[in-house]
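Each chain, letter by letter, is given below.
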Amino acid sequence: MTSPRGPAFTDRVALPEPSIGLLVLLARHGIRDVVGPRAGRHRLTVQQFWALYWLLHQPGLAPGELAAAMLLDPPAGSRLVSELAKRKLVEARPDRADRRRARLFLSEKGEPLARRVAEDAARYHAESLRGMEPAEVEALRSGLRKLIDNLAELAGAPAQPAAARRNGRGARAG
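Applying the stated criterion across every chain yields a total of three aromatic pairs. Taking 5.3 Å as the distance between ring centres and 85 degrees as the angle between the ring planes, the aromatic pair formed by Trp50 and Tyr53 counts as edge-to-face. Linking Trp50 with Tyr53, this pair stays in helix 3 (residues 46–57), spanning three residues, or about one helical turn. Residue Tyr53 is classed as buried on the basis of its relative accessible area, which comes to 12%.

Below, the structure is given as structure tokens:
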């Protein structure tokens, strides 16, 4: 496996059996190397790319819900929403049930961009899983969920925000 930065670590260093942690780290770097340029083609950061993706699929999230789903702390989530609103890609509307709460929706300008982002994300997902059988993909998801749960238990922290777990998505990592 090679990246734009050269051969992958596992190509340079002979390991008898790479650890799960190393493989997860290499996958994370690979995701970043692939998604970053795709986001850039849309003139978006990686976080903006995934925020538009989320809001296309789950319109009406509260800013805190979007931040939690993307594994962002509240200040980072607030900055992300502020930047998207400044670019007129999202609109914050009052919640009908609780006027103190805002809900996020794609704007007229943001929706077509989010649809292009979603098409690009679908291609990325398909390309990244190329050659894997559906059972292998499900086994990978299942194994990673167990790993996340085990590590969270060891750390004494919750594994993922409820929204990310409910949707089976690993948030911003893609």
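Moving on, we come to the side chain of Ser107. With respect to the helices, strands and loops of the structure, Ser107 is situated in the loop between strand 4 (102–106) and helix 6 (110–128). A relative accessible area of 7% means that Ser107 is categorised as buried. Excluding its chain neighbours within four sequence positions, the residues that come into contact with Ser107 are Lys88, Leu89, Val90 and Glu91.

Here we take up the packing of helix 2 (residues 20–41) against helix 3. Any two packed helices are characterised by how steeply their axes cross, that is the angle between the axes, and by the distance between the axes. Between helix 2 and helix 3, whose axes approach to 8 Å, the crossing angle comes to 80 degrees. In terms of orientation, helix 2 lies roughly perpendicular with respect to helix 3. In this structure, helix 2 contributes Val35, Gly36, Arg38 and Ala39 to the contact, and helix 3 contributes Val46, Phe49 and Trp50. A class-by-class count of the residues in the contact of helix 2 with helix 3 yields five nonpolar, one polar and one charged.

What counts as what
- Residues numbered from 1 in each chain as written.
- Predicted model: local features only at pLDDT ≥ 70, side-chain atom pairs only at ≥ 80, totals over all residues.
- Heavy atoms only, no water.
- Phe/Tyr/Trp six-rings, centres within 6.5 Å; stacked < 30°, edge-to-face > 60°.
- Helix = DSSP H or I, 4+ residues; strand = E, 2+ residues; numbered from the N terminus.
- Buried < 20%, exposed > 50% of the residue type's maximum accessible area, 1.4 Å probe, protein only.
- Contact = heavy atoms within 4.5 Å.
- Axes fitted to C-alpha atoms, helices over the stretch in contact; angles between N-to-C directions.
- Parallel < 35°, antiparallel > 145°, perpendicular 65-115°, else oblique.
- Nonpolar A, V, L, I, M, F, W, Y, C, P; charged D, E, K, R; others polar.

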